[in-house]
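# Remarks on the overall topology
Letter by letter, the chains look like this.
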Amino acid sequence: MKVIDSLIPRSGLRVLITAGANGIGLAIAQAFQEAGARVHVCDIDEQALAALPEGITYTNADVSQEADVDRLFEDAAHLGGLDVVVNNAGIAGPTASIEDIDPESWNRTININLNGQYRVANRATPLLRESQGLLINMASVAGRLGFAYRTPYAASKWAIVGFTKSLACELGPEGVRVNAILPGIVRGPRIEKVIADRAAKRGISYAEMEKENLSKVSMRRMVEPTDIAAMALFLSAPGGANISGQALSVCANVETI
Ligand code: NAD
């Protein structure tokens, strides 16, 4: 195979993506579909699920609920196995000092961001063993840097890196690869609102606030959801076949947060 051809996943991959109805998950779902994959997603946003591109099948399932994850795998069984599973669901969690974070918001963040990935990996492993497949766990640059006032989020994302590396050691001898992707500041409505709110609070323009936000990113720019999708596709392509156990930042080099 020519190297250039090894950059594209083979057609017909069976792909499961959590939180695939919006944002990064949706960009990954669309990219796999464009690459000829059969894609099943879950999400809790019913409207966004109903608006998914034709051909992408879905389950309304919350990764923090055991029964929902069971139902997700029952529904995804129509694919006849799984080659790639993307553990993408994650919430921002509270922004507060540690003494102001209540147990409910701490536990909710960990239950979705970390335990949700456990639940999916737990069900996906036999299928990935069967297909010699790939598990991609979505972490964050907050999984390699300290993040003041976002301790549950950062703790969950550092945990994802440990989870990924450990699982890669465990499943590698059986032919299953496991990698984490660490996105930086990803362009989208969420970050635009954060910047607009902060700018309004500070009485400065959106452009000034954005510039300040990006001053700790070497490339001085955000990344696009499609940049994350491109990494997911490469990991799934023959060219990525020897990449496992890695925490791969796609972040334009975020230096501190
Ligand atoms: P988003 O908020 O744009 O979309 C998240 C999707 O997750 C929504 O469709 C939502 O309905 C769904 N969702 C929320 N809770 C769920 C649950 N319990 N079960 C199933 N679905 C659920 O998110 P995003 O920005 O695309 O983030 C996706 C992943 O990337 C997350 O793990 C996030 O931590 C990570 N990430 C995002 C950024 C960023 O800048 N956007 C940066 C680093 C890491």
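Residues numbered from 1 in each chain as written. Predicted model: local features only at pLDDT ≥ 70, side-chain atom pairs only at ≥ 80, totals over all residues. Heavy atoms only, no water.

Under an unreviewed UniProt entry, the chain has the name 3-ketoacyl-ACP reductase and belongs to Vreelandella olivaria.

## With respect to the overall build of the chain
Heads up, the condition is: Numbering goes from the N terminus for both helices and strands, where a helix is a DSSP run of H or I of at least four residues and a strand is a run of E of at least two. For the radius of gyration, the atom set is restricted to C-alpha positions; the globular benchmark scales as 2.2 Å times the number of residues to the power 0.38. The classification of residues rests on relative accessible area computed with a 1.4 Å probe and restricted to protein chains. Under 20% of the type maximum is buried, over 50% is exposed, and intermediate values are partly exposed. The contact criterion used is simple: two residues touch if any of their non-hydrogen atoms lie within 4.5 Å.
Scanning the chain from N- to C-terminus turns up eight helices and seven strands. Computed over the C-alpha atoms, the radius of gyration of the chain is 18 Å, within 12% of the 18 Å expected from 2.2 N^0.38 for a compact globule of 257 residues. C-alpha extents for the chain along the principal axes are approximately 55 × 45 × 40 Å. The 257 residues of the chain split such that 49% are buried. Partitioning the contacts of the chain with sequence separation of at least 6, the portion at a separation of at least 24 is 68%.

## Describing the site of the ligand
Note the cut-off: Note on terminology: near, applied to a residue and a molecule or strand, indicates that one of the residue's heavy atoms is within 4 Å of it. In the analysis that follows, any N or O atom pair within 3.5 Å is treated as a polar contact, provided that within protein one partner can donate a hydrogen and the other can accept it, and provided that, for residues neighboring in sequence, both atoms belong to side chains. Method for areas: the Shrake-Rupley scheme with a 1.4 Å probe, in which residue coverage is limited to the protein chains shown. The residue classification treats Ala, Val, Leu, Ile, Met, Phe, Trp, Tyr, Cys and Pro as nonpolar and Asp, Glu, Lys and Arg as charged. All others, Gly included, are polar.
Near the ligand there are 24 residues, and of these Asn22, Ile24, Asp43, Asp62 and Asn88 occur at the shortest range. At 2.5 Å from an oxygen atom of the ligand is found a side-chain nitrogen or oxygen belonging to Asp43. Taken by itself the ligand offers 830 Å² of open surface, and the protein chains cover 87% of this. Only helix H1 (23–34) and helix H5 (151–171) provide two or more residues apiece to the shell around the ligand. Tallied by class, residues from the shell around the ligand come to 13 nonpolar, six polar and five charged.

## Observations regarding the pairing of strand S6 (residues 177–183)
Short version of the rule: At least two bridges found by DSSP between two strands are what make those strands a pair. Every crossover in which the path from the first strand over the helix to the second runs clockwise, viewed with the strands pointing away from the viewer, is termed right-handed.
Counting buried positions along S6 gives seven out of seven residues, so the element sits mostly inside the fold. Here S6 shows no split at all, with Arg177, Asn179, Ile181 and Pro183 on one side and Val178, Ala180 and Leu182 on the other all buried. Of the pairings in the sheet, the one linking strand S5 (residues 134–138) to S6 comprises five bridges and is parallel in character. Residue pairing in the sheet places Leu134 in a bridge with Arg177 of S6. Tracing the backbone out of S5, into H5 and back to the parallel element S6 gives a crossover that is right-handed. Of the pairings in the sheet, the one linking S6 to strand S7 (residues 247–250) comprises four bridges and is parallel in character. Directly across from Leu182, in S7, lies its bridge partner Ser249.

## What to know about the packing of helix H3 (residues 66–76) against helix H4 (residues 103–131)
Applicable threshold: Axis lines are fitted to C-alpha atoms, over the contacting stretch for helices. Their N-to-C directions set the angle, which ranges from 0 to 180 degrees. Roughly parallel here means an angle under 35 degrees, roughly antiparallel means over 145, roughly perpendicular means 65 to 115, and every remaining angle is called oblique. The crossing is said to be left-handed when, going from far helix to near helix, the turn is anticlockwise and less than a right angle, and right-handed when the turn is clockwise.
Interaxial distance between H3 and H4 falls to 10 Å at its minimum, and their mutual angle equals 30 degrees. What the angle tells us is that H3 and H4 run roughly parallel. Classified by chirality, the crossing of H4 by H3 is right-handed. Along its contact with H3, which presents Glu66, Val69, Asp70 and Phe73, the element H4 presents Tyr118, Arg119, Val120, Arg123, Ala124 and Leu127. A class-by-class count of the residues in the contact of H3 with H4 yields six nonpolar, no polar and four charged.

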